[in-house]
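Chain and residue survey
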Amino acid sequence: MRIVVVGATGNVGSAVLRRLASEPSVDAVTGLARRPPPPRAGDRVDWRSIDIGGPAAVADLVGWFQGAAAVIHLAWQIQPSHDRAQLQRTNLQGTAHVAEAAVRAGVPALIVASSVGAYAPGPKDRRITEDWPVTGIAGASYSEDKAAMEALLANVARHHPELRLVLLRPGLIFQRDAGSEVARFFIGPLAPLGLLRYRRLPVVPSHPLLRVQGVHADDVADAYVRAALADVRGAFNIAADPVLDGASLAERFGGVTVPVAPAVLRAGANATWRARLQPTEPGWVKLAAGCPLLSWRRATAELGWQPTVTALDALAELFAGMASRAGGRTAALRPRPPASRRLAAMLTGRLPGHGDPY
């Protein structure tokens with residue numbers, strides 16, 4: 001069978017391609033991205049270039065989707081954070097194009113990347129199931145747009161029951177090869193990430209609301225492939241233990257916790273974001289403080305899925321990748337340049353949160 005992966009070059013897409021390469025029932029993979037990697041000998045992926053938010057996207061997608069057993073839609077633009085219209089063009093309009101093309105092409109299954117961020121604010125002392133409200137967290141643009149995307153897809157599912165629609169809602173996703181990508185999208189060019197080579201976080205902010213979940217990219221990829229091959233519908237939470245909070249991070253990375261209110265972190269993020277010093281808009285702090293903790297019981301029961309890497313081990317792997325400027329062969333995963341080049345880029349007008357870092 002053939003699987004199409006939309007957004008196949010980033011953190012999750014690269015892991016999904018690895019997982020598909022080991023799946024005996026899949027004999028062909030089509031990878032779609034704005035900037036596909038150059039072909040290389042032995043590459044099993046048929047790469048195609050597309051801007052899914054563009055006006056001609058649907059016609060191209062229909063052609064590539066025809067005959068596929070499933071489409072895995074992972075494309076989601078996080079930067080430039082100062083250009084919300086551009087992000088929504090890719091994330092909402094692009095998802096609408098993918099869904100329309102899947103229906104027109106008669107694709108049996110569409111598996112879509114959602115997020116814990118799609119949920120309404122929820123508890124930090126217990127774990128919620130997939131029936132928690134999917135209305136997002138006001139003031140966090142990523143969360144608002146994920147919730148809007150789910151509403152769009154719910155409408156598609158109502159009008160096209162022949163399409164088997166699955167949404168995965170993972171926590172934070174980590175792997176070593178994403179070190180440079182995560183640094184570029186969320187931390188910016190000024191942070192001295194080389195210090196992470198010592199595997200220490202001297203100071204860790206701590207607050208009862210600052211509790212989130214993580215999962216390794218390879219485990220998430222396994223869930224996507226299982227969802228594509230199984231006869232399931234609806235949403236699945238994906239995460240791993242332990243919960244990541246000040247205490248667990250301080251213990252693992254040899255630091256001390258410092259009580260900090262989320263409002264203080266938001267103020268700092270807001271000031272540095274508006275000053276163009278780093279690319280993360282302050283809504284991400286609101287999202288971290290408001291997002292619920294996830295139960296992945298349904299994924300275990302219906303997909304046979306379980307995480308194989310702990311959240312702390314996955315995060316340690318990401319930190320190692322950041323310290324070593326790790327990356328991959330795709331544009332999205334390209335290695336972080338040296339400090340001199342990052343500073344030169346800022347001086348010539350390439351500021352965090354602006355332009356196209358992909």
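Notes on the structure in this doc start here.

What counts and what doesn't
- Residues numbered from 1 in each chain as written.
- Predicted model: local features only at pLDDT ≥ 70, side-chain atom pairs only at ≥ 80, totals over all residues.
- Heavy atoms only, no water.
- Helix = DSSP H or I, 4+ residues; strand = E, 2+ residues; numbered from the N terminus.
- Rg over C-alpha atoms; globule rule 2.2 N^0.38 Å.
- Buried < 20%, exposed > 50% of the residue type's maximum accessible area, 1.4 Å probe, protein only.
- Contact = heavy atoms within 4.5 Å.
- Areas by Shrake-Rupley, 256 points an atom, 1.4 Å probe, with all protein chains shown as cover.
- Lys, Arg positive; Asp, Glu negative; His and termini not counted.
- Charge placed at Lys NZ, Arg CZ, Asp CG, Glu CD.
- Expected span 1.5 Å × (residues − 1).
- Pairing = 2+ DSSP bridges.
- Axes fitted to C-alpha atoms, helices over the stretch in contact; angles between N-to-C directions.
- Parallel < 35°, antiparallel > 145°, perpendicular 65-115°, else oblique.
- Left-handed = near helix turned anticlockwise from the far one by under 90°.

Let us now look at the overall build of the chain. Helix and strand counts for the chain come out as 12 helices and 14 strands. On C-alpha atoms alone, the chain measures out to a radius of gyration of 19 Å, which is about the 21 Å that the 2.2 N^0.38 rule sets for 358 residues. Buried positions account for 55% of the 358 residues belonging to the chain. Restricting to contacts in the chain with at least 6 residues of sequence separation, those with at least 24 account for 80%. Here the chain displays about 15,000 Å² of accessible surface, and carbon together with sulfur accounts for 58% of that area. The centroid of the 40 positive side-chain charges in the chain is displaced by 7 Å from the centroid of its 29 negative side-chain charges.

Our focus in this paragraph is unusual backbone geometry. Backbone phi values are negative for most residues with the exception of glycine, while trans is the configuration of most peptide bonds. Backbone torsion omega between Q79 and P80 reads 10°, so that peptide bond is classified as cis. Unusually for a residue other than glycine, R199 sits at a positive phi of about 55°. With phi around 55°, R325 is a residue other than glycine that occupies positive phi space. In this structure, R325 sits in the loop between α11 (311-323) and α12 (339-347).

With 7 of 9 residues buried, helix α5 (residues 179-187) is to be regarded as a mostly interior element. Among all positions of α5, only G179, S180, E181, V182, A183, R184 and F185 are buried. Buried positions along α5 lie against α1 (11-21) and α11. Where α5 terminates, the next one or two residues include G188, which has phi positive at roughly 95°.

Turning our attention to helix α4 (residues 141-159). Here α4 contains 19 residues, and its C-alpha end-to-end distance of 27 Å stays within 8% of the 27 Å for a straight helix at 1.5 Å per residue. Listed in full, the buried residues belonging to α4 are S141, Y142, S143, D145, K146, A147, M149, E150, L153 and V156. If you follow the buried residues of α4, they end up packed against α3 (84-105), β5 (109-113), β7 (164-170) and α9 (283-290).

Here the focus is the sheet that holds strand β2 (residues 28-33). Across the sheet, which stays open at both edges, the 7 strands sit in the order β3-β2-β1-β4-β5-β7-β11 with parallel pairing between neighbours. Among the strands making up the open sheet, the edge pair consists of β3 (45-49) and β11 (234-238). In this sheet, neighbouring strand axes are inclined to one another by 20° on average, regardless of whether the strands run parallel or antiparallel. In this sheet, β3 lies alongside β2 in parallel orientation, the contact comprising 5 bridges. For V29, the partnering residue across the bridge sits in β3 and is V45. Lying on the sheet, helix α2 (residues 57-65) is in contact with β1 (2-6), β2, β3 and β4 (70-73); it crosses β1 at an angle near 150°.

When you tally the buried positions in β7, you get 7 out of 7 residues, the bulk of the element. Side chains R164, V166, L168 and P170 of β7 all project onto a buried face; the interleaved residues L165, L167 and R169 project onto the opposite face, where all are buried too. Sheet topology note: the β5/β7 ladder contains 5 bridges and is parallel. Looking at β7, one finds that A113 is bridged to L168. Here β7 runs beside β11; their pairing, made up of 5 bridges, is parallel. Paired with L168 across the bridge in β11 is F236.

Running from N to C, α3 and α4 point in directions that differ by 20°, and their axes come no closer than 11 Å. Taken together, α3 and α4 sit at an angle that is classed as roughly parallel. The crossing of α3 and α4 is right-handed. Packed against α3, whose contacting residues are R84, Q88, L92, T95, A96, A99 and V103, the element α4 presents S141, E144, D145, A148, M149, L152, L153 and V156 at the interface.

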